[in-house]
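The residues making up each chain are set out below.
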Amino acid sequence: MMYMPGLLISVLMGHLCVKILGTRTESKQRMRNMSPEFDDPLRLFLGAALGLGLNGFITFFVHLVFGWHAAWAPVVVSLAVLGIVGTRTELKHKIRYMSPQFLPPHWPGLTLLAFIAVFIFFEANYYPLGGWDAWSCWNLKAKFIYLGGDHWNNMFDPVLWRSNTHYPLLLPCINVWFWDLSGQADPRVPMVNGIVFVLLTAGVLLFGLYNFSKQWLLPLAMTAAAFLLPFNITMGASQYSDVVLGLYLLCALVCLMADEFILAGIFLGLLSFTKTEGTVAAVILAGLMMLKKGKGKHLFLTAFVLSALPAILFTLFMAPRNEAFINGLTSMEKPSTLARLQAIAVYPFLELISAKWNGLWLLILGGLAAHWKDMIEGKLQILALFFALYLGALLAYYQVNTFFEINWWLQNTLNRILFALLPAVMFWLGLSLLQKN
C-alpha cells in the first residue's frame, strides 16, 4: 500500500502552506493582541490536516468538476502544489525542519499521542470496514468516484437515499486521492485515514492548549479524557466524517484564537465540505467572524470563500434534494408537534448523563458552570456564541424535519454530534481555565 509516501506528500504540502500563510499575520497588531506564534508540533499537526484537506480539494476538482478521470491526475496536481510552495525563495530562511530541539520539551505530549495511537489502532483493526455509515455512505461514495468514471454521479440516485446522497464529499475525496496514488481501491486506506484523523485531532487539541499555556498538566488531562474514552475510541475508528468535522472545526478555532485569520478561513472552508452539519457550523462561525470588530476580516473572508468553493459548487450544482426531509411546519401527515419538542428538550440531558460518556460531559458542564464568566470574555466570546447558535440550529432542525421518529433519531445521531464537538468544547474550556490562571 502506497500510503506513507502519500501521507508524506500531504504533510509537507500542508506544513509549507501553514508556514507561508501563517507569516501573514505576524504583525504589530498580532503582537498587541498577545497571540502566540505556533510551536513546531502544532504547526506540523495543523499542516498535516491542511495537506489532507487540500488533497480532497484537488480530487474534487480534478475528478468531479473537470471530469479528468486519470487516476494519477490528483496526485500530480498535489505534487505540483508541493513544488510551488516548496521553491518559494523566502522559505529558505523560514522553514525549520525537525531538529533535536523538537523532541525533549514535547515528549509528554508525544508520549500521550503514542498511547492513544495504540488504542485506536487495535480498535480500527477490530472493525476494519468501519461502522454502518462508513461502508454504506462515505466509503461507498469514494468507490463511486474512483470506479464510476463518467457515471460517478449515480451515487445521487434517490434509491440510495439512506447513504445521505446530499452530504458533501471531502472524506470520500481524500480517500480517493490515496487510492489514485496506490492504483486500487484498497479498503485499508479509509481505515488508516480514520486513525490519522483521530491522532491529528488529538495532536491539535493537545499542542493547541500547550501553545497557549506552555505547561503540560491541563493539555494532557483534557486530551486524555477526550480520546481515551472507550466510546470515543470506537467512534474514532468508525471511519465516519464526524471525525473529520471535529478536526477541521478544532483547527479553525485554534487559528482564530491565535489571530491566524487566513488559516482559520481555509479550515472553515474545508469544514463546510465535510457534511451538512459542518456546512452549518462553518457558515455560523464565518458570520460571527465578519461581525467581529478588528482587522483581518477581509483576508479571512477571501480564504474562506476560496476554500469553500467545493462546498458551494456541490450545494448549488450537484447535490440532490434531501430525500429524508419532511417539513413538519407545513406537513399535514407528519407535523411538528409539542410532544416532539418535549422529546428534543429532554433527550439531550439524558444523553449527557449516559454511561457511554463515563461522566465526561457532566465534568464539562461543571466546568462551564464554574467558569462561565471566563468562557464568554474577550476572544472566547465568539466561541460561546458559536456553540449556542450551532446547537440551537441543530435542535431546531430536529424539530422541523419530521421524516424520522424523533426518539430513534436522537438516539442514533446526537451522540455523534457530541463526539464531533467534544475536541472543540474541550479547547474552549481549556482556554477559559488557562485564562483564569
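Read on for an overview of the structure. (Residues numbered from 1 in each chain as written. Predicted model: local features only at pLDDT ≥ 70, side-chain atom pairs only at ≥ 80, totals over all residues. Heavy atoms only, no water.)

1. Points about a nonpolar patch on the surface
Together, Leu301, Val305, Leu306, Leu309, Ile312, Leu316 and Phe317 line one region of the surface with nonpolar side chains, adding up to about 630 Å² of accessible area. Those elements that place two or more of their residues in the nonpolar patch are helix 14 (297-307) and helix 15 (309-318). Turning to its location among the elements, Leu306 is positioned in helix 14. Look at Leu306 and you get partly exposed, because its relative accessible area is 49%. (Patch = residues over 30% accessible without salt bridge, like charges linked within 9 Å, V, L, I, M, F, W, Y side chains within 5 Å. Areas by Shrake-Rupley, 256 points an atom, 1.4 Å probe, with all protein chains shown as cover. Salt bridge = Lys/Arg side-chain N within 4 Å of Asp/Glu carboxyl O. Helix = DSSP H or I, 4+ residues; strand = E, 2+ residues; numbered from the N terminus. Buried < 20%, exposed > 50% of the residue type's maximum accessible area, 1.4 Å probe, protein only.)

2. Examining the nonpolar core
The biggest cluster of nonpolar side chains holds 153 residues, and the ones touching the most others in it are Tyr248 and Phe267. When residues of this core are assigned to their parent elements, the largest contribution, 19 residues, is made by helix 19 (residues 406-436). Non-local contacts of Tyr248, meaning those with residues more than four positions away in its chain, are made with Ala49, Leu52, Gly53, Leu170, Ile174, Phe197, Phe267, Leu270, Leu271 and Thr274. (Core = buried A, V, L, I, M, F, W, Y, C linked by side-chain atoms within 4.5 Å. Contact = heavy atoms within 4.5 Å.)

3. Topic: the packing of helix 1 (residues 3-22) against helix 3 (residues 40-65)
Interaxial distance between helix 1 and helix 3 falls to 6 Å at its minimum, and their mutual angle equals 115°. Viewed along their axes, helix 1 and helix 3 adopt a mutual orientation that is roughly perpendicular. The chirality of how helix 1 crosses helix 3 is right-handed. Contacts between helix 1 and helix 3 involve Ser10, Val11, Met13, Gly14, His15, Cys17, Val18 and Lys19 from the former and Arg43, Leu44, Leu46, Gly47, Ala48, Leu50, Gly51, Leu52, Leu54 and Asn55 from the latter. Grouping the amino acids of the contact of helix 1 with helix 3 by side-chain chemistry returns ten nonpolar, six polar and two charged. (Axes fitted to C-alpha atoms, helices over the stretch in contact; angles between N-to-C directions. Parallel < 35°, antiparallel > 145°, perpendicular 65-115°, else oblique. Left-handed = near helix turned anticlockwise from the far one by under 90°. Nonpolar A, V, L, I, M, F, W, Y, C, P; charged D, E, K, R; others polar.)

4. Quick word on the pattern of salt bridges
A side chain of one charge can pair with a side chain of the opposite charge when the charged atoms of the two come close. Applying the stated criterion across every chain yields a total of ten salt bridges. Ionic pairing is found between Lys214 and Asp39, a salt bridge with its closest N-O pair at 2.7 Å. In this pair, Lys214 is assigned in the loop between helix 8 (188-213) and helix 9 (217-227) and Asp39 in the loop between helix 2 (28-32) and helix 3, connecting sequence segments 175 residues apart. Close ionic contact of Arg321 with Glu323 constitutes a salt bridge, the shortest N to O distance being 3.3 Å. Of the residues examined, Glu323 reaches a relative accessible area of 24% and is grouped as partly exposed. Overlapping salt bridges, with partners in common, bring together Asp133, Asp242, Lys275, Glu277 and Arg416 in one network.

5. Details of unusual backbone geometry
Residue Lys214 is not a glycine yet carries a positive backbone phi of 60°. Of note, Gln239 is a non-glycine position whose phi angle comes to about 65°, a positive value. Note that Gln239 resides in the loop between helix 10 (230-236) and helix 11 (241-257).

6. Things to note about the packing of aromatic side chains
Going through the model one piece at a time under the given rule, you end up with 33 aromatic pairs. Taking the centre distance of 6.4 Å and the plane angle of 35° together, the rings of Phe61 and Phe66 count as tilted. An angle of 75° between the planes, with centres 6.1 Å apart, marks the rings of Phe273 and Phe314 as edge-to-face. Remark: Phe314 occurs in helix 15 and Phe273 occurs in the loop between helix 12 (261-271) and helix 13 (276-291); sequence separation between them is 41 residues. By relative accessible area, Phe273 is classed as buried at 3%. On the accessibility criterion, Phe314 (1% relative accessible area) is buried. An aromatic cluster is present here, built from Phe57, Phe60, Phe61, Phe66, Trp152, Phe156, Phe273 and Phe314 joined pairwise through their rings. The ring of Phe403 carries Lys334 above its face, with NZ or CZ at 5.7 Å from the centroid. Here Lys356 stacks its cationic end above the ring of Phe231, 5.7 Å away from the centre of that ring. (Phe/Tyr/Trp six-rings, centres within 6.5 Å; stacked < 30°, edge-to-face > 60°. Lys NZ or Arg CZ within 6 Å of the ring centre and 35° of its normal.)

7. Details of helix 3
Taking 1.5 Å as the rise per residue, helix 3 with 26 residues should run 38 Å; its terminal C-alpha atoms sit 36 Å apart, in good agreement. Most of helix 3 is tucked away: 23 of the 26 residues are buried. (Expected span 1.5 Å × (residues − 1).)

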